[in-house]
Each structure stands twice: as C-alpha cells, then as structure tokens.
Amino acid sequence: QVKVVESGGGLVQPGGSLRLSCAASGRPIETMGWYRQAPGKERELVASIGSQSSPNYDDSVKGRFVISRDNAKNTVYLQMHSLKPEDTAIYYCNAKRSNFYGIVIDYWGQGTQVTTSS
C-alpha cells in the first residue's frame, strides 16, 4: 500500500525557519499536504498541493510557509519562515489518492514535532 514518512521537526527560536520533508511510497499520489495538531486542539490543514495544481494555504501561514513537491519522487516539502509560538504542534504529512471506484483515500505519516519557543 502507501507508506508516508515525514521528518524535519525540531526546536526553533521565534522568527526562525524550519523545513519539513515527506515521502510517500507504494502508489502514485494525487494530493499531498501538511496538517498540524496542537495539544487540546483539532487537527487542521496547514497547506496542500496537487500533482498539477497550485498550492492551498491556511490563512494563518500565508506569506510565511511555502509548500512544494517533487511529483517523480512523491515527495512534499514545507518551508517554514517567521515561525511563531502559535505554530507549535505535531505536523502530519498527508497523501491522497483515488482508488478504482473513484473514492479518495487518505494516508498519514506518524508526525513530527515542531516547537517554536525562546
């Protein structure tokens, strides 16, 4: 099936930068993206990008984060700039593909911790 593995999280000072990477293997992937979940909050979409479409960003990260992908490698990146304490969360990589019946299936990575603190 599809295996999703992400990396790149860590501890960074406010205003700093970090880059997350995620690779999906096993099947061609149509859409890849990043979600995050802070303690006590619901998981929320950060950014996503299709194989041929332009990226989509949550308003909270527009102008600060950039998502990109390498279609040949089924790999997606999230370059994060001007990080804020509010960005602290576990970041999850997400991969979507349609099955034979046209149903979209989600695959998830195990998460990588991003902490912005002084």
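Quick caveat, the model's predicted, so the values are computed rather than measured.

> How should I be thinking about the nonpolar core in this particular structure?
Trp34, Leu78, Met80 and Tyr91 are the most contacted members of the largest nonpolar core, which has 28 residues in total. Of all the secondary-structure elements, those providing two or more residues to this core are strand 3 (18-25), strand 4 (31-37), strand 5 (44-50), strand 7 (65-70), strand 8 (75-80) and strand 9 (89-98). Setting aside residues up to four positions removed in sequence, Leu78 forms contacts with Leu18, Arg19, Leu20, Trp34, Val46, Ala47, Phe65, Val66, Ile67 and Tyr91.

> How should I be thinking about the packing of aromatic side chains in this particular structure?
For the structure on display, the rule yields two aromatic pairs. Ring centres of Phe100 and Tyr101 lie 5.4 Å apart, and the angle between their planes is 90 degrees; on these two criteria the pair is classed as edge-to-face. This pair shows no difference in class: Phe100 is exposed, exactly as Tyr101 is. Between Arg43 and the ring centre of Tyr92, over which it is positioned, the NZ or CZ distance is 3.7 Å. Over the face of the ring belonging to Trp108 we find Arg43, whose NZ or CZ atom lies 5.0 Å from the ring centre.

> Is there a simple way to explain unusual backbone geometry in this structure?
Among all residues except glycine, the phi angle is most often negative; among peptide bonds, the trans geometry is most common. You will see that Asn74, though not glycine, has its phi angle at about 50 degrees, which is positive. Residue classification places Asn74 among the buried residues on the basis of a relative accessible area of 12%. One non-glycine residue, Ser82, lies in the positive phi region at around 50 degrees. As for its position among the elements, Ser82 is in the loop between strand 8 and strand 9. Since its relative accessible area comes to 40%, Ser82 is described here as partly exposed.

Here is what the cut-offs are and how they apply
- Residues numbered from 1 in each chain as written.
- Predicted model: local features only at pLDDT ≥ 70, side-chain atom pairs only at ≥ 80, totals over all residues.
- Heavy atoms only, no water.
- Core = buried A, V, L, I, M, F, W, Y, C linked by side-chain atoms within 4.5 Å.
- Buried < 20%, exposed > 50% of the residue type's maximum accessible area, 1.4 Å probe, protein only.
- Helix = DSSP H or I, 4+ residues; strand = E, 2+ residues; numbered from the N terminus.
- Contact = heavy atoms within 4.5 Å.
- Phe/Tyr/Trp six-rings, centres within 6.5 Å; stacked < 30°, edge-to-face > 60°.
- Lys NZ or Arg CZ within 6 Å of the ring centre and 35° of its normal.

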